[in-house]
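Chains, contacts and geometry: an overview
One letter stands for each residue in the lines below.
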Amino acid sequence: MDKVAIIGVGQTRYERGNTKSFAELVYEVTRKALDDAGLELDNIDNVVTTTNDFYDGRTIACMAVAEASGSYGRDATNVEGDGTLSAFYGLMRTLSGVYDATIVTTHCKMSEGNPRKLFNQAFDPIYDRILGMDAISSSALQARAYMDRYGVTEEQCAMVSVKNHANARNNPYAHVALEITIDDVMKSPMLAEPIKRLDISPISDGACAIILATEERARKSAKKPVWVRGVAHCTDAYRLGERDLTYSAALETAAKKAYKMAGIRNPFKQIDVAEVYDAFSYMELMWYEGLGFCDRGKGGKLVESGKTQMGGELPVNPSGGVLSAHPVQVAGLARIAEAVLQLRGEAGGRQVPGAKTALAHGITGICGQTHCVWVLSNEEA
Amino acid sequence: MNEKEGSDRELLEITSGEAEHVYYWHCGHYVSKFLLGLRDKKTILGIKCSRCGRVYVPPREVCGRCFATMNEWVDLGTEGTIYAFTVVKLPYIDPNTGKPIKVPRTDIYVKLEGADTCLMHWLDETDEKKISVGAKVRAVFKEHRRGTIHDIECFTQI
Ligand SMILES: [Zn+2]
């Protein structure tokens, strides 16, 4: 693969009930990413937006962010899915040799609708939808299958919540930062057994944008470029009933491909910091395993060891992760933006000192049907 | 007119209103046959991939793993085991009626005997201490059936 770098990032603060329109959120991060890269819109020749018509309550919602994303008068396309997938598409277009600099935007304003109804509507209307499945109940089924198979405990899941909510206190963009104990998580209200109130992410409003550039353009950029060293995505079966819910086959496949491209043989040793899509606390443990940080079933032991907390061998989610801010479709791109800040040494109170190689991970679909894995570095291949 | 000082800084909201947007989904040949099995024979039909041998329930035209058309129907009966369960305690809106649903309610994935995939449905037990992965269950059918997944009232432990 030719060299491509990320040269600019921008995020809003993530919160519930932001009073800007979704286009105003997109404008905010487009401007921030351009300023971060030291570019003007004239330097951008390609735009990839990310929208979901149900979430936005509007058909062909991508058209409504044309001006805000800088699409006016430019080559603009849209992805429906997590922002890591929009970035993947932006990367492919950058590699086509036709474009110099690509801006990728994504937004979430789910507070304007009813998130639980919207998640219910993701299911097959003939079966699971009319039985009332949603993100929480389906994830509870996945958590039950996984925990029962490997003996992972509710306390081990709670440790993820304690760690990430504490990390969020160092992230000015985070929605929910908390100083809590395992006991607090265990005693929080049961939503869908074994998932409790403090095991789940908040649905947040917000937006994120990044700028991808060719090697030539990246060398002229204002900030130190962050190079894309490996990337892959993979999709599992649509219906949960057709998947083995005790591990993520799709994540294992995506991670292996991305690592091969990046020349990573031992991800736990070679990656300095990881930002993963922990929509629920148990998910972070499953994703450790899918990403090869430990063997299948050992995620609980890994969080227990303290190796994934700040100061550990491989800090996971220094930003507080998705548990601390969950703007749907934005959250994966926010993982990439956070990885970029880490690799530039600009992550402030959540900085992992001397980070050279970072991993960012995004998911789309029910219980992580699709996984996208990015390996980024401040060192060239 | 009530004009108070600073009212030009008020932030407004507009609602989408009460209009409904109703869909009519075609079930197709495979799903129709499955639903007719529930309605007319009180049985659960799956479909087998002749290439990899997997039995899918609910049935579908294409095996995703082989990208092959499936034609071999299998009568799976009404019994199986619990693959995963959750007792839902957070009240929410019933998508069928728009009215609040009664909680607690137990969602399960059932692996029917002879099937390789799981069917999602409800269990008539809401005490999680009395439910376990691997427990045997049987489908309970409604008396008046209309050709929907709700023709199965729920599953019950046997
Ligand atoms: Zn097959």
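Higher on the page you've got the structure.
Thresholds applied
- Residues numbered from 1 in each chain as written.
- Chains lettered and ligands numbered in written order.
- Predicted model: local features only at pLDDT ≥ 70, side-chain atom pairs only at ≥ 80, totals over all residues.
- Heavy atoms only, no water.
- Helix = DSSP H or I, 4+ residues; strand = E, 2+ residues; numbered from the N terminus.
- Buried < 20%, exposed > 50% of the residue type's maximum accessible area, 1.4 Å probe, protein only.
- Rg over C-alpha atoms; globule rule 2.2 N^0.38 Å.
- Contact = heavy atoms within 4.5 Å.
- Areas by Shrake-Rupley, 256 points an atom, 1.4 Å probe, with all protein chains shown as cover.
- Lys, Arg positive; Asp, Glu negative; His and termini not counted.
- Charge placed at Lys NZ, Arg CZ, Asp CG, Glu CD.
- Buried area = accessible area lost by both parts, 1.4 Å probe.
- Salt bridge = Lys/Arg side-chain N within 4 Å of Asp/Glu carboxyl O.
- Pairing = 2+ DSSP bridges.
- Donors = N, O, S within 2.8 Å, 3.2 Å for Na, K, Ca; no water.
- Tetrahedral: all angles 85-135°; square planar, octahedral: opposite > 155°, others 65-115°.
- Polar contact = N/O pair within 3.5 Å; in protein donor to acceptor, adjacent residues only side chain to side chain.
- Expected span 1.5 Å × (residues − 1).
- Axes fitted to C-alpha atoms, helices over the stretch in contact; angles between N-to-C directions.
- Parallel < 35°, antiparallel > 145°, perpendicular 65-115°, else oblique.
- Nonpolar A, V, L, I, M, F, W, Y, C, P; charged D, E, K, R; others polar.
- Core = buried A, V, L, I, M, F, W, Y, C linked by side-chain atoms within 4.5 Å.

The next thing to look at is the overall build of chain B. Helix and strand counts for chain B stand at one helix and ten strands. Element order for chain B, N to C, with α for helix and β for strand: α-β-β-β-β-β-β-β-β-β-β. Overall, the C-alpha framework of chain B stretches about 75 × 40 × 35 Å when taken along its three principal axes. Looking at chain B as a whole, 39% of its 158 residues qualify as buried.

For the rest of this paragraph, the subject is the overall build of chain A. Regarding its fold elements, chain A presents 13 helices and eleven strands. A compact globule built from 381 residues should have a C-alpha radius of gyration of about 21 Å, and chain A, at 19 Å, falls within 12% of that. Each of the three principal axes of chain A carries a C-alpha extent, and together these read 55 × 45 × 35 Å. Scored against the burial criterion, the 381 residues of chain A give a buried share of 65%. In chain A, the proportion of contacts linking residues at least 24 apart, taken out of those at least 6 apart, comes to 77%. A total of about 13100 Å² of accessible surface is found on chain A, and carbon and sulfur atoms cover 49% of it. Separation of charge centres in chain A, based on 41 positive and 47 negative side chains, amounts to 3 Å.

This part takes up the interface of chain B and chain A. Facing 37 residues of chain B, the contacting portion of chain A comprises 33 residues. Both sides together, the interface formed by chain B and chain A hides about 3100 Å², and carbon and sulfur atoms give 64% of it. The largest per-residue losses of area from chain B upon contact with chain A belong to Tyr83(B), Leu90(B) and Tyr109(B), which jointly make up 19% of the total buried on that side. Where chain B packs against chain A, one counts one salt bridge.

Moving on, we come to the pairing of strand 1 (residues 45-48) of chain B. Residues and elements named next belong to chain B. Pairing of strand 1 with strand 5 (residues 72-75) involves four bridges; the strand directions are antiparallel. Note on strand 5: the bridge partner recorded for glycine 46 is valine 74. Inspection of the sheet shows strand 1 paired to strand 2 (residues 55-56) by two bridges, in the antiparallel sense. Within strand 2, the position partnered with isoleucine 47 by the bridge is tyrosine 56. Linking two consecutive strands that pair antiparallel, namely strand 1 and strand 2, is a turn of six residues; a positive phi of about 80° is found at glycine 53 within it.

By definition of the ideal shapes, four donors in a tetrahedron about a metal sit 109.5 degrees apart, and six donors in an octahedron sit 90 or 180 degrees apart. Residue and element names in this part refer to chain B. Around the zinc ion, the protein supplies Cys49 (SG), Cys52 (SG), Cys63 (SG) and Cys66 (SG) as donor atoms, at distances of 2.3 to 2.4 Å. Around the zinc ion sit four donor atoms; with metal-centred angles ranging over 104 to 114°, the donor geometry is tetrahedral. Spacing between the donor residues of the zinc ion along their common chain follows C-x2-C-x10-C-x2-C. Residue cysteine 49 is found in the loop between strand 1 and strand 2, and its partner cysteine 66 is found in the loop between strand 3 (62-63) and strand 4 (68-69); the two are separated by 17 residues along the sequence.

Here we come to the environment of Asp116(B). Residues and elements named next belong to chain B. Mapped onto the elements, aspartate 116 comes out in the loop between strand 7 (105-112) and strand 8 (119-123). Taking the C-alpha atoms as reference points, aspartate 116 and glycine 53, 63 residues apart in sequence, are found 9.2 Å from one another. Excluding residues that lie within four positions of it along the chain, aspartate 116 makes contacts with Gly53, Arg54, Val55 and Lys111. Here the side chain of aspartate 116 touches valine 55 through a polar contact of 2.8 Å, landing on its backbone nitrogen.

What follows deals with helix 6 (residues 154-167) of chain A. Counting along an α-helix, one turn takes 3.6 residues, and residues three or four places apart therefore face a common direction. All names here are of chain A. Here helix 6 is 14 residues long and its end C-alpha atoms lie 20 Å apart, about the 20 Å a rise of 1.5 Å per residue gives. Taken across its 14 residues, helix 6 has ten buried, putting it largely inside the fold. Taken as a whole, helix 6 has its buried residues at Gln156, Cys157, Ala158, Val160, Ser161, Val162, Lys163, Asn164, His165 and Asn167. Those residues of helix 6 hidden inside the fold are in contact with helix 5 (135-150), helix 7 (182-187), helix 11 (281-290) and helix 12 (299-305).

This next bit is on the packing of helix 3 (residues 83-95) of chain A against helix 13 (residues 331-344) of chain A. All names here are of chain A. The N-to-C vectors of helix 3 and helix 13 enclose an angle of 65°; their axes lie 5 Å apart at closest approach. The angle between helix 3 and helix 13 places the two elements in the roughly perpendicular class. On helix 13, the residues touching Gly83, Thr84 and Ala87 of helix 3 are Gly332, Leu333 and Ile336. Along the lines of polarity and charge, the residues of the contact of helix 3 with helix 13 split into three nonpolar, three polar and no charged.

All names here are of chain B. On the basis of which strands lie adjacent, the open sheet formed by three strands has the order 2-1-5 and antiparallel pairing. Sheet topology places strand 2 and strand 5 at the edges, where each strand pairs with a single neighbour. Against the sheet, helix 1 (residues 28-41) engages strand 1 and strand 5, with an angle of about 145° to strand 1.

To continue, consider the nonpolar core. In terms of nonpolar packing, the biggest core is built from 53 residues, with Tyr259(A), Tyr282(A), Trp287(A), Leu291(A), Phe293(A) and Leu359(A) touching the most fellow members. The element contributing the most residues to this core is helix 9 (residues 249-262) of chain A, with seven residues.

Quick look at the pattern of salt bridges now. All names here are of chain A. Following the criterion strictly, the structure yields 32 salt bridges over all chains and no others. Residue aspartate 36 pairs with lysine 223 through a salt bridge whose shortest N-O separation is 2.6 Å. Placement of aspartate 36 in helix 1 (residues 22-37) and of lysine 223 in the loop between helix 8 (215-219) and strand 8 (226-235) is noted, with a sequence separation of 187 residues between them. Accessibility expressed as a relative area gives 14% for aspartate 36, which makes it buried. One salt bridge in this structure joins arginine 144 and glutamate 193, with 2.7 Å as the shortest N-O distance.

Residues and elements named next belong to chain A. Here tyrosine 288 is to be found in helix 11. Here the alpha-carbon distance between tyrosine 288 and tyrosine 173, two residues 115 residues apart in the chain, equals 24 Å. If sequence neighbours within four positions are ignored, tyrosine 288 has contacts with Lys163, Phe293, Cys294, Gly299, Leu302, Val303, Thr308 and Val316.

Residue Pro194(A) is bonded to the preceding Glu193(A) through a cis peptide linkage, with omega at 10°. For Pro194(A), the position within the fold is in the loop between strand 5 (190-192) and strand 6 (195-196). The residue after Val57(B), namely Pro58(B), is reached through a cis peptide bond having omega 0°. Of note, Pro58(B) is situated in the loop between strand 2 and strand 3. Positive phi outside glycine occurs at Cys367(A), with the angle close to 55°. Mapped onto the elements, Cys367(A) comes out in the loop between strand 10 (357-364) and strand 11 (370-377). The phi dihedral of Phe67(B) falls on the positive side, at around 50°, and the residue is not glycine. Residue placement: Phe67(B) occurs in the loop between strand 3 and strand 4.

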